[in-house]
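Reading the structure
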2 protein chains.
Amino acid sequence: MPTSLENYDIVVVGAGPVGLLLSVCLARWGYKIKHIDNRPTPTATGRADGIQPRSLDLLRNMNLKRQIMAHEPAKVYEVAFWDPTSDGNGIHRTGTWASCPKFIDARYPFTTLLHQGHIENVFIEDLKKNGARIQRPWTITGLKNDGKNETYPVEVNLEHVDTREKETVRSRYLFSGEGARSFVREKLGIKIHHKDPIAHVWGVMDGVVRTDFPDIKMKCTIHSDHGSIMIIPREDNMVRLYIQIASSTDKDWNPLKKATAEEVQMSAKRILAPYHIEWDRVEWFSVYPIGQGIAEKYTLDHRIFMGGDACHTHSPKAGQGMNTAFLDAVNLAWKIHHVESGFASRSILTTYESERKLIAENLLTFDAKYAALFSQRKPSAGEVNLASQSSPTGPAQNPNPGGPPNEFVETFKASCELTSGYGISYPPNIHNHSAQHPAHSPLFHPPTRALTPGRILPPSTVTRVADANTTHLEQAIPLNGAFRIYIFAGHPPRTRPALSDFCAHLSQPGSFLTAFLHPDLSSIPHTEPHTPHSRFYTFATIFAAPHAHLGLRVPELLPPVLARYRTHVYADDVWDARVPDATASAHRKMGLDEEKGGVVVVRPDGYVACVVGLVEGGGTVEALNAYFGAFAIRALGRGKAGEARL
Amino acid sequence: MPTSLENYDIVVVGAGPVGLLLSVCLARWGYKIKHIDNRPTPTATGRADGIQPRSLDLLRNMNLKRQIMAHEPAKVYEVAFWDPTSDGNGIHRTGTWASCPKFIDARYPFTTLLHQGHIENVFIEDLKKNGARIQRPWTITGLKNDGKNETYPVEVNLEHVDTREKETVRSRYLFSGEGARSFVREKLGIKIHHKDPIAHVWGVMDGVVRTDFPDIKMKCTIHSDHGSIMIIPREDNMVRLYIQIASSTDKDWNPLKKATAEEVQMSAKRILAPYHIEWDRVEWFSVYPIGQGIAEKYTLDHRIFMGGDACHTHSPKAGQGMNTAFLDAVNLAWKIHHVESGFASRSILTTYESERKLIAENLLTFDAKYAALFSQRKPSAGEVNLASQSSPTGPAQNPNPGGPPNEFVETFKASCELTSGYGISYPPNIHNHSAQHPAHSPLFHPPTRALTPGRILPPSTVTRVADANTTHLEQAIPLNGAFRIYIFAGHPPRTRPALSDFCAHLSQPGSFLTAFLHPDLSSIPHTEPHTPHSRFYTFATIFAAPHAHLGLRVPELLPPVLARYRTHVYADDVWDARVPDATASAHRKMGLDEEKGGVVVVRPDGYVACVVGLVEGGGTVEALNAYFGAFAIRALGRGKAGEARL
């Protein structure tokens, strides 16, 4: 038994978005990582470039947004549609749509366009700060989960691309972020399923152009009698053009069809006529075939995982590749963390595939449905307007009151939710509470339009009591691997007994908190704001009261357990244009009673886990014990799990 | 004549905020700089740390805000006041105030607290990008404006602090940013005038504390029976304490009075009782005497200038030192630039002192007045509330309708404007148009509450037509040394003839634009967004129309001259809560007619220069020719200044 091999917590293959973000998370949380990439340097040109609104939230939550924005990316607020004129003499604009319309409550209602290499470098710099680096150019040549070492069951063979130097290591986990051509997937014999049998050859060109085409700084979808093109603005005055070179529906379909840069430019000129376009320079040019595809499995043994393009490929039109990769990475990262840090049972790892594969399937299905709907007829201006309204979908928005919902409007709204990233809805499972969840209590709230387990926590703005700072509540707790427990505490006089009982039961032996306390609480600095008691939970308390009234009353209102999170005590006293008549807009946006409040548990990745009533007695903590106990490695609740108390 | 000496455009002495920001501007605009500092390294600890809201606007306009915010500074939204309890047993909070109340229309309504060294390093990194560096540790030993070289009239003697190596250079300008003890000021024999004869000895301590004082994350002014203290939160969990150690009103006044760190800590403990405070660590501690002082002159010859603490000192309480320094630097920078680049006559340099010394005097006067008002009586809660309202000052806000204005409310409002930085009002002069300005035309608008020459351009949010990006109009043009000419173009059908006439007259020989065209227009890249015609002007056009209606009509609505600034064409179609019933909120906020518009000229540093009606015929351009002609080196207007046309 080769016990002399070096052991790692995880071996990550491929330093694209999915592999890098997984490593960034795990490196921050203290894991030992071997990360290789078969390219000698990070991506220099081309590849993906679209960061959707929800991904920008995620990057901000990881404190990486500022570094991304420092590159001055292009921002796409709207998409313009161009079609042939009826006289056959060129093209005209037929409409523009917001890429993230007002009905979506987004902090950053735009898509950010930036060369993938810049994004990778932001991640690589963050890895460096945590002592991790990418080993280049190395490739993977073999893998097996041979179980010869219980702790490090996976053996991985690595090789230097040029020198052929070899290295064999053992690891708890192996992750393939290799892209569409994954050695790991091949080796595991996992098949790609093609949802939509239609494949395309795309030409893509980044460059600086001179043109009188008026929408060159917009994202455009242009159909002409000479073909179709998609325009995407980029940083540094660049523009990306996607041109469909061939389709498997063509009579002479050839997936290996090629085109020169000059041919692509000539096509673009014909499509854009009567407007003119010339190139100052071409930064990148590529022609490649691509079809919708999805891996049948994301893992076989819950030790060797895959994510990103290794699992799902689709046309570049939706701009979803990198964003889906980001969420694959974060989803897997916190689950591995919770298993390896002794919090959750190993079975939670099954939810990586069940959650992320569903999202990829939805994306692919939707893509096809949306395209089909569009090919039937054009939406009217009224429908577009209706679909872009700021109110949530509902009967009042139906243009035909009392009649059936307008399919176009519904599809458009769903499309915007999907492409902005806010449409993700993870299904009920051990993390996303539902009536089928093993934890039962009359205090669990059923899903509401405002808060549904498996969907993102909506944004809300509050005032931090300690320093009167205006705070984006959904960003207040960083992506630190902990569950976020938001105690919406309603009116202080009303909820004071409930809060007191909550803290009392939280402090008892066997509660979800005391069962997972830091082993040495006295070693935690008093300045630790997020996880002073346990690395698995951060608590925030939000009162429906003006912050000036709360400032001095925190010790009186909050028992010591919650008062320890003093920088996470907030006043729900900021007016919000989306709920203009609410006196406590965050409570209202969560669908909670402004007097009685409620407890919202959010997963480490920002998705709602469960919502529980805040009541006097032990019910609230018991419900949470039941929720966490369903996947924690220790039984939770009265009389369970140890002696520790707070 | 020592022609062999190396020549510089400017020698800057002192690498604190004022010197650095001056160099940053001039280095960006291509000047050759010798910048020395007598310290071996940048500020490591202590010193100034408050960036007011207006300064944050300025740093953003220079694309430096992101780097500042990357250090995660503390943000002060409110100030808390604490006073002795009536029973003599300790202190209690008597109120809190917004540091930048809602009646001020600020993008960033908070003060940013960050160690001066971080701020200096942001500037130093920017200098490096432009090929400039700080030469350390060097000091100045001599200077004379001997005129021996007409172009480089100033001789400066420099010396290495340690090795005594000497260097003599010649320069167009010399700038002292040496701080309160300025060798240059001394050498020129310029006296410091003490406005308020009262001086103080201050103790200041930065560190990490443990305390149960509830407002430790707020800015606090605490009066107790044991003395007074000011608390200021800092980055990295630090807090700064200012304690007044002695005052010249004391019987035993000694400006050299000292105190140990332990003594200051003991004082703090007594003042904060019954709350407790302990120090985890002390990062910096200093005791120093300071009084209000202002230099009689900022320059004698308009070749050797001073700025920052070399010109004005005051108590640290107002947190104005660094902010006043920033504005000194920017004010001087663009004026030197306009003289040396052949645009403005040398006489404009007189306005540096007349503008900036007035601001320093106001600051000092105000400080005293405000303190005096406070010592008389405490404001009532109603007065504080009133003073913080979001509506502008006016009769309706008077708590005593029909009666005299409430002095406290007026003073409070003026105080907030001053400390936030939005209160600056430069007097009428050659740059700030008034009835006394040499340029006369019935088209010049008189000052209004919305727009007053010499005051900052108010913020407004618009949509950029080229890419539908939501844009902060006041930030749309970077601090590039150019005048910003905002053409508020009202309703397109209505103003089309006026715009056409404006461009026609702008294109004529002798217009303010054609008289200062780039010498080789063909060398300007087509991607240049800001100064494609002249480095002295950037044009922006704002229509009162929805952007979707404008996108394709820019070539039709805007003659080629203005259309060349295609990324500076905006739609005034974003709703603004401050003018909720306006259909064109930016026009409304500027006090301009939403149909007819008007032209707003803004100085390179963001202050309004003049406002001119937008009319058919040549009147608008003629008024601007007269305005610019008053300080340009060439006569402007019909039949003047050359042949160039556009």
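Residues numbered from 1 in each chain as written. Chains lettered and ligands numbered in written order. Predicted model: local features only at pLDDT ≥ 70, side-chain atom pairs only at ≥ 80, totals over all residues. Heavy atoms only, no water.

Quick look at the overall build of chain A now. Counting secondary structure elements, chain A contains 16 helices and 27 strands. Taken against the 2.2 N^0.38 rule, which gives 26 Å for 646 residues, the C-alpha radius of gyration of chain A at 26 Å falls within 12% of a compact globule. The principal-axis extent of the C-alpha atoms belonging to chain A is close to 75 × 70 × 40 Å. Here chain A holds 646 residues, and 59% of them are scored as buried. Long-range pairs, those at least 24 residues apart, make up 72% of the contacts in chain A with a sequence separation of at least 6. In the form shown here, chain A has an accessible surface area of approximately 24,900 Å², with 52% of it arising from carbon and sulfur atoms. Positive and negative side-chain charges of chain A, numbering 69 and 66 respectively, have mean locations separated by a distance of 3 Å. (Helix = DSSP H or I, 4+ residues; strand = E, 2+ residues; numbered from the N terminus. Rg over C-alpha atoms; globule rule 2.2 N^0.38 Å. Buried < 20%, exposed > 50% of the residue type's maximum accessible area, 1.4 Å probe, protein only. Contact = heavy atoms within 4.5 Å. Areas by Shrake-Rupley, 256 points an atom, 1.4 Å probe, with all protein chains shown as cover. Lys, Arg positive; Asp, Glu negative; His and termini not counted. Charge placed at Lys NZ, Arg CZ, Asp CG, Glu CD.)

Core analysis: the biggest nonpolar cluster contains 153 residues, and Tyr-537, Phe-539 and Phe-628 of chain B have the highest contact counts within it. Here this core gets eleven residues from one element, more than from any other, and that element is helix α7 (residues 321–340) of chain B. Among all residues touching Phe-539 of chain B, those that are not within four sequence positions of it are Ile-485, Ile-487, Phe-502, Leu-506, Phe-512, Leu-513, Leu-562, Tyr-565 and His-568 of chain B. By size, the runner-up hydrophobic cluster in this structure holds 152 residues, among which are Tyr-77, Phe-213, Leu-499 and Tyr-565 of chain A. (Core = buried A, V, L, I, M, F, W, Y, C linked by side-chain atoms within 4.5 Å.)

Residues and elements named next belong to chain A. Mapped onto the elements, Ser-585 comes out in helix α15 (residues 585–589). We classify Ser-585 as buried; its relative accessible area is 2%. Polar side-chain contacts of Ser-585 include one of 2.7 Å to the backbone oxygen of Val-574. Residue contacts for Ser-585: discarding those within four places in its chain leaves Thr-461, Asp-572, Val-574, Asp-576 and Val-579. (Polar contact = N/O pair within 3.5 Å; in protein donor to acceptor, adjacent residues only side chain to side chain.)

Further remarks concern the UniProt feature "domain: Phenol hydroxylase-like C-terminal dimerisation" (unreviewed entry) in chain A. Under the UniProt annotation, "domain: Phenol hydroxylase-like C-terminal dimerisation" (unreviewed entry) lies at residues 425–634 of chain A. The span residues 425–634 of chain A carries 21% helix and 16% strand; its end-to-end C-alpha distance comes to 28 Å. (UniProt positions renumbered as here; feature names shortened; annotations may be inferred.)

As a further point, take the pairing of strand β23 (residues 483–488) of chain A. Residue and element names in this part refer to chain A. The buried count for β23 comes to six of six residues, which makes it a mostly enclosed element. The side-chain alternation of β23 yields two buried faces, one formed by Phe-483, Ile-485 and Ile-487 and the other by Arg-484, Tyr-486 and Phe-488. Relative to strand β24 (residues 537–543), β23 is paired through six bridges, and the arrangement is parallel. Residue Phe-483 lies in a different strand from β24, and its bridge partner there is Tyr-537. In this fold, β23 hands off to helix α11 (residues 492–507), which returns the chain to β24; that crossover is right-handed. Sheet topology note: the β23/strand β26 (residues 598–602) ladder contains five bridges and is antiparallel. Within the sheet, the bridge partner assigned to Phe-488 lies in β26 and is Gly-598. (Pairing = 2+ DSSP bridges. Right-handed = clockwise from strand over helix to strand, strands pointing away.)

Our focus in this paragraph is the interface of chain B and chain A. Taken together, the contact between chain B and chain A spans 35 residues of the former and 35 residues of the latter. Here chain B packs against chain A, burying approximately 3,000 Å² in sum over the two surfaces, 52% of which is carbon and sulfur. The largest per-residue losses of area from chain B upon contact with chain A belong to Arg-66, His-526 and Leu-552 of chain B, which jointly make up 20% of the total buried on that side. Remark: the boundary between chain B and chain A carries two salt bridges. Two residues, Arg-66 of chain A and Glu-72 of chain B, come together in a salt bridge whose shortest N-O distance is 3.7 Å. At the boundary of chain B with chain A, the tally comes to twelve residue pairs in polar contact (both at pLDDT 80 or more). Among the secondary structure elements, those contributing two or more residues to the side of chain B that touches chain A are α3 (65–69), β5 (78–84), β6 (91–98), β13 (199–211) and α12 (547–550) of chain B. When residues of the side of chain B that touches chain A are assigned to their parent elements, the largest contribution, three residues, is made by β13 of chain B. Classifying every residue of the side of chain B that touches chain A gives 14 nonpolar, ten polar and eleven charged. (Buried area = accessible area lost by both parts, 1.4 Å probe. Salt bridge = Lys/Arg side-chain N within 4 Å of Asp/Glu carboxyl O. Nonpolar A, V, L, I, M, F, W, Y, C, P; charged D, E, K, R; others polar.)

On to the sheet that holds strand β5 (residues 78–84) of chain A, then. Residue and element names in this part refer to chain A. Pairing is mixed in the open sheet, where seven strands are placed in the order β6-β5-β14-β15-β16-β13-β17. At either end of the open sheet lies a strand with only one pairing partner, and these are β6 (91–98) and β17 (277–291). Taken over all neighbouring pairs, the strand axes of this sheet differ in orientation by 20° on average, direction set aside. In this structure, strand β14 (residues 219–224) lies alongside strand β15 (residues 227–233), joined through five bridges in antiparallel fashion. (Axes fitted to C-alpha atoms, helices over the stretch in contact; angles between N-to-C directions.)

With that settled, the discussion passes to the relation of the copies chain B and chain A. Between the two copies, chain B and chain A, the superposition gives an RMSD of 0.0 Å; the rotation angle is 180° and the shift along the axis is 0.0 Å. Such values leave the two copies arranged in the relation of a two-fold axis. Identified as the residue of chain B closest to the rotation axis by C-alpha distance is Arg-66 of chain B, at 3.5 Å. Most of the interface of chain B is mirrored in chain A, where 100% of its interface residues are also at the interface. (Least-squares fit on C-alpha atoms with pLDDT ≥ 70 in both.)

Another point: the side chain of Thr-112 of chain B. Turning to its location among the elements, Thr-112 of chain B is positioned in strand β7 (residues 111–113). Note on Thr-112 of chain B: relative accessible area 0%, which makes it buried.

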